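Observations on the model geometry
Letter by letter, the chains look like this.
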Amino acid sequence: MLKIQNLKASVEGKAILKGIDLEIKAGEVHAIMGPNGSGKSTLASVLAGRKEYEVTEGSVEYLGKDLLELAPEERAGEGLFLAFQYPVEIPGLTTTNFIKTAVNEIRKYRGEAPLDAVAFLKMMKEKMAMMNIGQSLLSRPLNEGFSGGEKKRNEVFQMAMLQPKMAILDETDSGLDIDAIRIVANGVNKLRNKDNAVLVVTHYQRLLDYIVPDFVHVLYNGRIVKSGTKELALELEEKGYDFIKNEVNVGEGV
Amino acid sequence: MKTDIASIEKESPKNEQSAIEDVVLNEYKYGFVTDIESDSAPKGLNEDIVRFISSKKNEPEWMLEWRLKAYRHWLKMEEPKWANISYPPIDYQDVIYYSAPKQKITPGSLDEIDPELRKTFEKLGISLDEQKRLTGVAVDAVIDSVSIGTSFKTQLAELGIIFCSMSEAIQEHPELVRKHLSSVVPITDNYFSALNAAVFSDGSFCYIPKGVRCPMELSTYFRINAENTGQFERTLIVAEEGSYVSYLEGCTAPMRDENQLHAAVVELIAMDNAEIKYSTVQNWYPGDKEGRGGIYNFVTKRGICKGDNSKISWTQVETGSSITWKYPSVILKGDNSVGEFYSVAVTNNHQQADTGTKMQHLGKNTKSRIVSKGISAGVSNNSYRGLVHVGKNAANARNFSQCDSLLLGDKCGAHTFPYIEVKNNTAIVEHEATTSKIGEDQIFYCNQRGIDTETAVALIVNGFAKEVMNQLPMEFAVEAQKLLAISLEGSVG
């Protein structure tokens, strides 16, 4: 589904990603872990097409297309979704109205007719029940005055509404207490199926207790330095990132 | 006759004024034959033109005198220069002050209207048929100065409501017109209102009798049609004791290369316990991307809450015109009266807007609320200018003002000029202001949800303006939202 090869990217001339290789197949859940500043969020942003990040080398193939050639909204149209670490606020624009616009813009991209109000509401009610989210939140202006937990739940609700093929969760657990993490993770789990894939970017192992990954990759200093199964996450939790750093530094030192 | 704009620019306003006077005097010396049959007046302005307009409209003597008085006063006045706008001097002798559509017979029903004109309306999405059938809005359409169609008149007449063109009102209801005309905006009020009084060609008149609640939104669409024709409408709305009316004014203008002068006057009068709600969507031609062409819009709008417990509410969505100079105001004379001003002003490319309001608190326990949302894009300039005045007898006056500016890009300007004059120490006056920019983060967030940048800007801008948009009647709000999006097209790279 997604094939990243030797991806290098920089921001304001500073190299952040220094050659990422990663392949994700349909039905898989991958986790990217790593210490602060290792490039985790940069990777998520580059895949979503944020223009402050300049791709200097490498390629990303997504569903047979050159992802890097697509505009951010085209990537969304192709089913790529990013749950933001810091969702933005748009005063005066209700969350419902925002989501309705997003759903119909993506349908337009795919050559489908827009959902009418009735069909949209039906779909929304369905996903609200599934995500255990209330109407009051959706009637408020987008993310304005939302708590950290509400913002993240709103992100996962949008994911449910847009039904992406490839979902990237950028530190969705940051700032959440354990109950909120469970709610958000349950939402993501309900959306998993054999045709879509999830890339979970996280600093801590605890989210992976709830969203169980098939593969775990450790990102350090702009490179994936270690890959494994979910046990790797547990090992990291136990030993801390220092053990990775030492391993890498020793390897590079030779 | 045509004065060279470049040469005039270097001269002082005083010289410019005398230049105009010279031209006027020359014109007057030679005079010209008034041709009653012609459809347009020749270019230029002098007493004969004023007489020509008055006679074309078959006006009574007192109207002519009123016009001439205004004209003579105008000659002594100078164009105001205090607004935060700049434009080359206007050659008032290069404007046609009267132009009537070819159609001569006054239509009694919509069916008699020229099919071509009706097609234009349909293109603008304001087909009279549609309006009539679907929305129940009575439309008094003004094209090039002469009112061509008034619907629902019969229905309104049963309630004693008068809703007609100003020319018709002068003929049919001279006593009402004479009593109220220029009672809120005196002919000597300002340069543009004096000019309007001298040459206004038509407009709307609306009279709601005592205790009547007007059952439908009254609506007028103004539109400039013929080349080089300045539009000088005059609107007068009188709401008698305990009455209510909601009035909609919408403007659309087609492309024009030359700047067109537009100086309207609107007067509102609310008696005891009466309420007038006046909504405008202004979409005159704003000029092209380089700032060529576009309408110069110098408008004087003022209402008086004459009676106790009366209320006047202005809502405006200003997206058009190359220059907007407009301050819909309320004189709060009656005790417990309420004035409101809700405004969205959008400027893009080279547009300039200097708009706001004046709230004059004279009566006791009077309240006013000002919500102004300015949106600037391109290299435009957007200024809010407002005065809150509390007179010495206006005990317990309250005002709340909120002025927010939203910037798109870094070449545009937003300015706020709030003036507050308080002469009574029981008054409470509050002013809040914010300035924000549309963030890259907001745009990217929308993009990531499949929403392209242009749509994202429209969403963000409409969210920003929502508090004002909510004040608009439903059918207007939808149109206004589209207009905001259209006005900002191409403003974000």
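Shown above is the structure to which this text applies.
Residues numbered from 1 in each chain as written. Chains lettered and ligands numbered in written order. Predicted model: local features only at pLDDT ≥ 70, side-chain atom pairs only at ≥ 80, totals over all residues. Heavy atoms only, no water.

What to know about the pattern of salt bridges
Close approach of charged atoms lets side chains of opposite charge pair. All names here are of chain B. Scanning all chains against the criterion turns up 27 salt bridges over all chains. Note that D94 and K43 form a salt bridge whose closest N and O atoms lie 2.9 Å from each other. Of this pair, D94 sits in the loop between α4 (61-76) and α5 (115-123) while K43 is found in the loop between α2 (13-30) and α3 (47-56), placing the two residues 51 residues apart along the sequence. Judged by its relative accessible area of 13%, D94 is buried. In this structure, R72 and E47 form a salt bridge, with 2.7 Å as the shortest nitrogen-oxygen distance. One end of the pair, R72, is in helix α4; the other, E47, is in helix α3, and 25 residues separate them in sequence. Assessed through its relative accessible area of 35%, R72 is described here as partly exposed. Connected through salt bridges with shared partners, the residues R369, K373, D404 and E467 form a single ionic network. (Salt bridge = Lys/Arg side-chain N within 4 Å of Asp/Glu carboxyl O. Helix = DSSP H or I, 4+ residues; strand = E, 2+ residues; numbered from the N terminus. Buried < 20%, exposed > 50% of the residue type's maximum accessible area, 1.4 Å probe, protein only.)

Examining the environment of D173 of chain A
Residue and element names in this part refer to chain A. One can find D173 in the loop between β9 (166-170) and α7 (178-191). By relative accessible area, D173 is classed as buried at 2%. In this structure the C-alpha to C-alpha distance between D173 and R140, which are 33 residues apart in sequence, comes to 23 Å. Residues in contact with D173, not counting those within four places in the same chain, are I181, T202, Y204, R206 and L207. (Contact = heavy atoms within 4.5 Å.)

Considerations on a negative patch on the surface
Taken together, the side chains of E23, E61, D66 and E69 of chain A make up a negatively charged region of the molecular surface. Inspection of the secondary structure puts E69 of chain A in the loop between β5 (65-66) and α2 (72-77). (Patch = residues over 30% accessible without salt bridge, like charges linked within 9 Å, V, L, I, M, F, W, Y side chains within 5 Å. Areas by Shrake-Rupley, 256 points an atom, 1.4 Å probe, with all protein chains shown as cover. Lys, Arg positive; Asp, Glu negative; His and termini not counted. Charge placed at Lys NZ, Arg CZ, Asp CG, Glu CD.)

Focus on the packing of aromatic side chains
One pass over the full model with this rule turns up 22 aromatic pairs over all chains. Ring centres of F98 of chain A and Y445 of chain B lie 5.7 Å apart, and the angle between their planes is 25 degrees; on these two criteria the pair is classed as stacked. Of this pair, F98 of chain A sits in helix α3 (residues 95-109) while Y445 of chain B is found in helix α11 (residues 440-448), placing the two residues in two different chains. In terms of burial, F98 of chain A and Y445 of chain B fall into one category: buried. With centroids separated by 5.7 Å and ring planes inclined at 70 degrees, the aromatic side chains of Y92 of chain B and Y191 of chain B adopt a geometry described as edge-to-face. Taken together, the residues Y92 of chain B in the loop between α4 and α5 and Y191 of chain B in helix α10 (residues 191-199) connect sequence positions 99 residues apart. A network of ring pairs unites the aromatic residues Y71, W74, W82, Y87, Y92, Y191, F192, Y296, F298, W325 and Y327 of chain B as a single cluster. Lying across the ring of F200 of chain B, R67 of chain B places its NZ or CZ 4.3 Å from the centre. (Phe/Tyr/Trp six-rings, centres within 6.5 Å; stacked < 30°, edge-to-face > 60°. Lys NZ or Arg CZ within 6 Å of the ring centre and 35° of its normal.)

Quick look at the pairing of strand β18 (residues 381-390) of chain B
All names here are of chain B. The element β18 is extensively covered by neighbouring structure, given that nine of its 10 residues are classed as buried. The pairing of strand β16 (residues 352-361) with β18 spans 10 bridges and is parallel. Pairing of G356 across the sheet is with R385, part of β18. Sheet topology note: the β18/strand β20 (residues 413-422) ladder contains 10 bridges and is parallel. Bridge pairing in β20 links S383 to H415. (Pairing = 2+ DSSP bridges.)

Observations regarding the interface of chain A and chain B
With 30 residues of chain A at the contact, the number on the chain B side is 18 residues. Summed over both sides, the interface of chain A with chain B buries roughly 2,100 Å², with 63% coming from carbon and sulfur. On the surface where chain A and chain B come into contact, there are three salt bridges. In this assembly, chain A and chain B are joined by 10 residue pairs in polar contact (both at pLDDT 80 or more). (Buried area = accessible area lost by both parts, 1.4 Å probe. Polar contact = N/O pair within 3.5 Å; in protein donor to acceptor, adjacent residues only side chain to side chain.)

Some details on helix α4 (residues 117-131) of chain A
Residue pairs three or four apart in sequence face the same way in an α-helix, which turns once every 3.6 residues. Residue and element names in this part refer to chain A. Relative to the 21 Å expected for 15 residues at 1.5 Å per residue, α4 spans 20 Å between its end C-alpha atoms, a close match to the ideal helical length. Among all positions in α4, only F120, M123, M124, K127, M128 and M131 are buried. Down the axis of α4, the buried set is contained in an arc of 140 degrees. They therefore lie on one face. Pointing more than 90 degrees away from the buried face of α4 are the exposed residues V118, K122, K125 and A129. Residues of α4 that are buried sit in contact with α3, α5 (135-139), α6 (148-162) and α7. Looking one or two residues beyond α4, the residue adopting positive phi is N132, at roughly 55 degrees. (Expected span 1.5 Å × (residues − 1). Arc of directions from axis to C-beta.)

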